[in-house]
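# Tertiary structure, described
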Amino acid sequence: MNASEGVAPAIESILAAADERGGGDRRLSVAARSLPAALAAAEADGRVPIIGEIKPTSPTTDGRREDDPVALAEALVDGGVASISVLTEPDHFDGSPDALRRVRERVSVPVLRKDFIRREEQLDVVEADAVLLIARFVDDLAGLVAAARERGFQPLVEVHSRAELDDALAAGAEIVGINNRDLARLDVDLSTFEELAPHVSEDVTLVAESGIASEEDAARMRRAGADGLLVGSALMDGDVAANTARLVGAER
């Protein structure tokens, strides 16, 4: 599979860097905190179930967030997010495994590792509760899903098309993220989630990713069936505490 075929140049560069990175020096075994349970608990509490993403920078945003990742994570949790996502990709997002390690030590909510994982050994870089696997960029999706579970991780399989969704479900994905961002053009369309969500059964935890910038966007994704919302830039741009309170409290 030529994973970079048809993707934006920025994504080609990210994938090339991912292919060069190795794995950990030992096989991990993780006692994971449940992401689906955390999302359900937030909903039961009247909060919008948000996975708040700590993202220092990215190819689709301007500037860089210089704050300590632990301080950001604590602000997000204090604001009521159900879970934290930490970028560990170093070359284009300024993320690091150490940032995730430090965050997970300090918060009680599940922590998602967000990276461009291509091979099984790359799962062993750092402990997390959940790991992102992007269906388009994995050769053996079922094998990588199984390898993640064998280590105790909860795999969140990201898709953008019906074909990728079918592949994710065939691979046994129990948590599916529908990315509203098209990695070919990097544009965002919230209707992507609305079009794909009806094809997912209720026993699968469904996460809406990208483009959620307002209370209206959050409500739209929730109406379409999202069990959780992965939100990064809308929380990181400006006052993190105020942004978090605004989105988490949108259904109250």
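In this report, we go over the structure that sits alongside the text. (Residues numbered from 1 in each chain as written. Predicted model: local features only at pLDDT ≥ 70, side-chain atom pairs only at ≥ 80, totals over all residues. Heavy atoms only, no water.)

### A few points about the packing of helix α3 (residues 69-78) against helix α5 (residues 97-106)
Between α3 and α5, the least distance of the axes is 9 Å, while the angle of their chain directions is 40°. Between α3 and α5, the angle is such that the two are oblique. The crossing of α3 and α5 is right-handed. Where α3 abuts α5, its residues P69, V70, A73 and E74 lie against A99, R102, V103 and R106. Partitioning the contact of α3 with α5 into residue classes produces five nonpolar, no polar and three charged. (Axes fitted to C-alpha atoms, helices over the stretch in contact; angles between N-to-C directions. Helix = DSSP H or I, 4+ residues; strand = E, 2+ residues; numbered from the N terminus. Parallel < 35°, antiparallel > 145°, perpendicular 65-115°, else oblique. Left-handed = near helix turned anticlockwise from the far one by under 90°. Contact = heavy atoms within 4.5 Å. Nonpolar A, V, L, I, M, F, W, Y, C, P; charged D, E, K, R; others polar.)

### Quick look at empty space enclosed by the protein
With the rule as written, the count across this model stands at one cavity of 30 Å³ or more. Computed from the structure, the largest cavity encloses a volume of approximately 70 Å³. Residue lining of the largest cavity: I134, R136, E158, V159, H160, E164, N179, R181 and L183, and that is the complete set. The class makeup of the residues in the lining of the largest cavity is three nonpolar, two polar and four charged. (1 Å grid on protein atoms, 1.4 Å probe; cavity = no way out; pocket = protein on both sides within 12 Å on 5 of 7 lines; lining within 4 Å. Points joined across faces, edges and corners; volume = space filled by probe spheres on them.)

### Quick look at the nonpolar core
One recurring pattern in soluble globular proteins: nonpolar side chains tend to sit buried together. By size, the foremost hydrophobic cluster in this structure holds 60 residues, and its most contacted members are I50, I84, V103, L123, V159 and L229. In terms of residue count, helix α6 (residues 141-150) provides more of this core than any other element does, five residues in total. Core analysis: the second largest hydrophobic core is formed by 24 residues, I14, A42, I134 and L156 among them. (Core = buried A, V, L, I, M, F, W, Y, C linked by side-chain atoms within 4.5 Å. Buried < 20%, exposed > 50% of the residue type's maximum accessible area, 1.4 Å probe, protein only.)

### With respect to the pairing of strand β8 (residues 228-231)
Burial of the side chains of β8 extends over both faces: G228 and L230 are buried on one face and L229 and V231 on the other. Sheet topology places strand β1 (residues 50-54) next to β8; three bridges connect them, and they run parallel. The partner of G52 across the bridge, within β8, is V231. Taken together, strand β7 (residues 205-209), helix α9 (residues 215-223) and β8 constitute a β-α-β crossover, and its handedness is right-handed. (Pairing = 2+ DSSP bridges. Right-handed = clockwise from strand over helix to strand, strands pointing away.)

### Observations regarding the packing of aromatic side chains
Overall, the coordinates contain two aromatic pairs when judged by the stated rule. Grouped by ring-pair contacts, the aromatic residues F93, F116 and F137 constitute a single cluster. (Phe/Tyr/Trp six-rings, centres within 6.5 Å; stacked < 30°, edge-to-face > 60°.)

### Topic: the pattern of salt bridges
This structure, assessed with the given rule, holds 24 salt bridges. We note a salt bridge from E194 to R220, for which the minimum N-O separation is 2.7 Å. Residue E194 is found in helix α8 (residues 191-196), and its partner R220 is found in helix α9; the two are separated by 26 residues along the sequence. Residue classification places R220 among the partly exposed residues on the basis of a relative accessible area of 30%. Among the ionic pairs, R246 bridges to E215, the shortest N-O distance being 3.5 Å. Highlighted residues: R246 in helix α11 (residues 240-248) and E215 in helix α9, separated in sequence by 31 residues. Judged by its relative accessible area of 28%, R246 falls in the partly exposed class. Among the residues examined, E215 registers a relative accessible area of 28% and is labelled partly exposed. (Salt bridge = Lys/Arg side-chain N within 4 Å of Asp/Glu carboxyl O.)

Spatial relationships are all this shows, so hold off on functional conclusions.
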